[in-house]
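Close look at the chain arrangement
The residues making up each chain are set out below.
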Amino acid sequence: MKRTNRVVAVVFALLSIGVLYVTTTFRATLIIDAYLGAGFFPRAIAVLMLVFAVVLWFMEPRVRPETLTANDSESDGEKYSLLTDMRAPLITTILLIVYASALPYLGFPFATSLSFIALLALLQSRVWWHYLFAIAFSVVLFYVFYDLFRVRLPRGVLF
Amino acid sequence: MLALLLDGFRVVFSVSIFPLIVMAVAGGIVIGSLPGLTATMGVAVLLPFTFGMESTAALVMLVGVYIGGIYGGSIAAILLRTPGTPAAAATVMDGHELVLKGEAGKALSVSAVSSFIGGFISTIMLITLSPMLARFALRFSAPEYFGLAVFGLTIIASVSARNLIKGFLGGLFGLLIATVGLDPVTSYPRFTFGTINLLQGFNIIPVLIGLFAISEAFVQMETLRQAHSKVLSDASTRRLMSIREFIRVLPTAIKSGIMGTFIGSIPGAGADIAAFVTYNEARRSSKTPEKFGQGVLEGVAAPEAGNNGVTGGALVPLLTLGVPGDAVAAVLLGALIIQGLAPGPLLFARSAPLVYGLFASMLVANVVMLFLGIVGIRFYTRVLQVPKRLIIGIIVFLSMVGAFAMNNSIFDIHVAIGFGVIGYLMRKVDIPLSPIVLAIILGPMAESNLRRAIQMYQGSWSFLYTRPITIAFLALAVFSLVTAVGVKRRKSSN
C-alpha cells in the first residue's frame, strides 16, 4: 500500500505542478475582479493538492484489515489490488472509444448491437440468448429514447 | 386555507386528473431510474405535451414526473451502484452496500418510505410556511452561498472514512474538474485547450455516469473471474424493512426532510446538495457514525428524504416570489407562464384554486410514489437475477445513452468513458469517488460566490466574520470537520 500511496502522491503532485504552470499563462481580462482573476481558484486548489500529495508521500499506511470500512468498500484495497487483471477493462475502454467514434456513422442500433456482442464475447459468454438479448436491447433502447424521450440518438448514415 | 385545500383534493381525485398523477409519477420513476435521464429532463420533455391541457392537469403532470423522477434515481443507485440522477449520488454509499449484504428489499423500501416522508413534509411546509421560507431564502447572497458551499465541501471528510488525505485529494481533483470551462466571473477560458466542447466545462451527468456506472462495470468484469463472487439475489433480498427498522429511521427521515425543504428553498441549491448535506448530518448525529458507508438504513433514509424534501422547497421561491429555485422550478415557471399565470405574491390571491390544487396533487403524488415504490420492489429486485455478463453490458450501454442524452453530444460519451477509466483507477488506489462528485457539484458555487463576495466587499474578506448566516455555515463546517476527524481517530485507535 505504501508504494501505491507514493505513486498516487507523485501523480497528484505532477498534476498540481501542471495546473500551476498552466495558470501562469492565463492573461488578465478587461473585467475587474478584485485582485483574484481566473487563475486564483485553480492555483489555490493546486497548492492544496501539492501539500496533500506531500503528506501522502510521507504517510505510513496504518489501516489494519479488520478496521476496513465503509464508503471505502467502494475502494476496498483487498478486493481490487492494483495488479489484478486489468485486461478486460482495458479492452472494453478501447471498444467503447471505437464505438463512440463509429456511432454517428453506423447509427445507434447497429453500433450498439455490434459492441454489445463484442463485449459479451470479451466476457466469454457462452449463452446464445445473451447475444440475441444484446440485439433486442439495442433496438428497444433506441426506440424508447428516440420516440418516447425525444433523444436524437444517431441513426447513422448507412441506414 | 383548509377549504381551498379540500377543493384541491376534490379536483385531484376527479376522473380526469387522478389517472394523470399515477401515470406521471410512474413515468417519473422510470425516467429517474435510467442513468442520464434526470427529473429535470423528464419535466422538460413533458412540457410541450401540456401546452393544450387545462392548467391544473398540466401542472399536476409536471409535478408528478418531478416527484417520481427524484425518487426513481435511487433505484439504480441502490441496485446497480449507478445513480439515475445526480440527486441519488449520495444514496449509492449505503444503498449498494445493503444490496451486497443481501438486503436490497430493505434498502429500496427505506428509500421509498423516506422519499415519501421527505416529499410529504416538504409539501406541508410549502403549504404552511411559504412566506417565512421565502424570507429566509431571500437573505442569501454571495457570502452565504459561499458559506453553504464550504459547509457542503466538509462532507468530504465524513465520506472519506478510510483515508482522509486521499479523500481530500479526490475532492481537490473534483474542484479542479469544476474549474474547466469559462471562468464564471471574467469568462476567461480555463483548461479548455482550444476545444469548444470544454467551454461550458464538464457536464455533471457524463462525469457521474463515468465515475460510478462505467467504473462499476469495469470492477464487475474483474469479479467475473473470482470464484467466490457474491450471489446477490435470493428470497431474502426482497424482504422489506420491519416496523422496528421503520421506527429507527423515522427521526432521520423527518429531520432530513425538513433540512431538504430549507435547502430546496434556497435558489441554486438543488436536490444533489441536499442529499449530501443530509447524509452528512445523519452521520454526524448518529451514535454509530463509523457504520455509515457499510450499509446502514439511515444512510439511505437521510439522502432520500433530503432530496425529496427539495421538491416542495424548490417551489417556495417560485410560487411566492416568481424566482425559480432550481432547474425543474425554472421549467415549471415556463409552464405557469404558458398557462397565462404569473408566479409571485399575487398568484395566491388571483389563482388560489389552482395553487391549492397543485399542493393537493403534490401530497397525492407522494402517496402514489410510496405505493408504486413499495409494490415495485418485487420487480426492481429482479434486476439482481439477471446474469452478471448481461448486467455489465446493460450498465455500459445505458451509460452511453445517458451520457449522450443530456446534450445530444458524442463528446459527452467520450467524457463518460474517460471518467470511467479515472473512476476505475481511483478505486484501484483507494481514493473514494463521492468526494470528487461532491466537489464537482459544489465547486462552481464556492468559487463564483467567493469571488462575488470579495467584489461586494471591495476586496475585503470581512464577510467571513460579519454576516451571521455565513458565520453559522462556517462554524458548522469546522464542527463537521472536527467531528469527522474525531470519528476517524476513534476508529483507528479501536
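Residues numbered from 1 in each chain as written. Chains lettered and ligands numbered in written order. Predicted model: local features only at pLDDT ≥ 70, side-chain atom pairs only at ≥ 80, totals over all residues. Heavy atoms only, no water.

Our focus in this paragraph is the overall build of chain B. Across its full length, chain B carries 22 helices and two strands. A globule of 494 residues ought to have a C-alpha radius of gyration of about 23 Å, and chain B, at 22 Å, matches this closely. Its C-alpha atoms give chain B principal-axis dimensions of roughly 65 × 60 × 50 Å. For chain B, with 494 residues in total, the buried portion stands at 66%. Put simply, 80% of the contacts in chain B that link residues at least 6 apart link residues at least 24 apart. (Helix = DSSP H or I, 4+ residues; strand = E, 2+ residues; numbered from the N terminus. Rg over C-alpha atoms; globule rule 2.2 N^0.38 Å. Buried < 20%, exposed > 50% of the residue type's maximum accessible area, 1.4 Å probe, protein only. Contact = heavy atoms within 4.5 Å.)

Taking 1.5 Å per residue, 23 residues should reach 33 Å; helix α1 (residues 2-24) of chain A reaches 33 Å between its end C-alpha atoms and fits that length. Those residues of α1 of chain A that sit buried are T4, N5, V8, A9, F12, A13, S16, V19 and T23 of chain A. Contacts from the buried residues of α1 of chain A go to α2 (40-58) of chain A together with α9 (164-178) and α19 (410-428) of chain B. (Expected span 1.5 Å × (residues − 1).)

The next thing to look at is the packing of aromatic side chains. Residue and element names in this part refer to chain A. Counted by the stated rule, this structure contains 24 aromatic pairs over all chains. Judged by centre distance (6.2 Å) and plane angle (20 degrees), the ring pair of F108 and F142 falls under stacked. Pair noted here: F108 is in helix α4 (residues 108-122) and F142 is in helix α5 (residues 128-148), with a separation of 34 residues, a long-range link. A residue is classified by how much of its surface remains accessible, and F142, at 2% relative accessible area, is buried. With centroids separated by 5.7 Å and ring planes inclined at 85 degrees, the aromatic side chains of F116 and F137 adopt a geometry described as edge-to-face. Of this pair, F116 sits in helix α4 while F137 is found in helix α5, placing the two residues 21 residues apart along the sequence. (Phe/Tyr/Trp six-rings, centres within 6.5 Å; stacked < 30°, edge-to-face > 60°.)

Let's shift gears to the domain arrangement of chain A. For chain A, the assigned domains are domain 1 (2-61) and domain 2 (87-148). Taken over C-alpha atoms, the centre of domain 1 of chain A sits 39 Å from the centre of domain 2 of chain A. (Domains from an automatic or database assignment.)

A separate point is the interface of chain B and chain A. Across the boundary between the two partners, chain B contributes 86 residues, which contact 86 residues of chain A. Three residues stand out in chain B for area buried against chain A, namely R162, Y188 and F397 of chain B, and they jointly supply 11% of the buried area on that side. At the boundary of chain B with chain A, the tally comes to zero salt bridges. Here chain B and chain A share four residue pairs in polar contact (both at pLDDT 80 or more) between them. Here the element with the most residues in the side of chain B that touches chain A is helix α18 (residues 388-405) of chain B; it accounts for twelve residues. Here the residues of the side of chain B that touches chain A sort into 52 nonpolar, 18 polar and 16 charged. (Buried area = accessible area lost by both parts, 1.4 Å probe. Salt bridge = Lys/Arg side-chain N within 4 Å of Asp/Glu carboxyl O. Polar contact = N/O pair within 3.5 Å; in protein donor to acceptor, adjacent residues only side chain to side chain. Nonpolar A, V, L, I, M, F, W, Y, C, P; charged D, E, K, R; others polar.)

On to the packing of helix α12 (residues 271-284) of chain B against helix α20 (residues 434-456) of chain B, then. If you want to describe how two helices pack, look at the angle between their axes and the distance between the axes. Residue and element names in this part refer to chain B. Contact geometry of α12 with α20 gives a least axis separation of 11 Å together with a crossing angle of 125 degrees. With respect to each other, α12 and α20 are oriented oblique. α12 and α20 meet at a crossing whose hand is left-handed. In contact with D272, I273 and F276 of α12, α20 contributes S434, L438, I441, L442 and M445. Of the residues contributing to the contact of α12 with α20, the split by class is six nonpolar, one polar and one charged. (Axes fitted to C-alpha atoms, helices over the stretch in contact; angles between N-to-C directions. Parallel < 35°, antiparallel > 145°, perpendicular 65-115°, else oblique. Left-handed = near helix turned anticlockwise from the far one by under 90°.)

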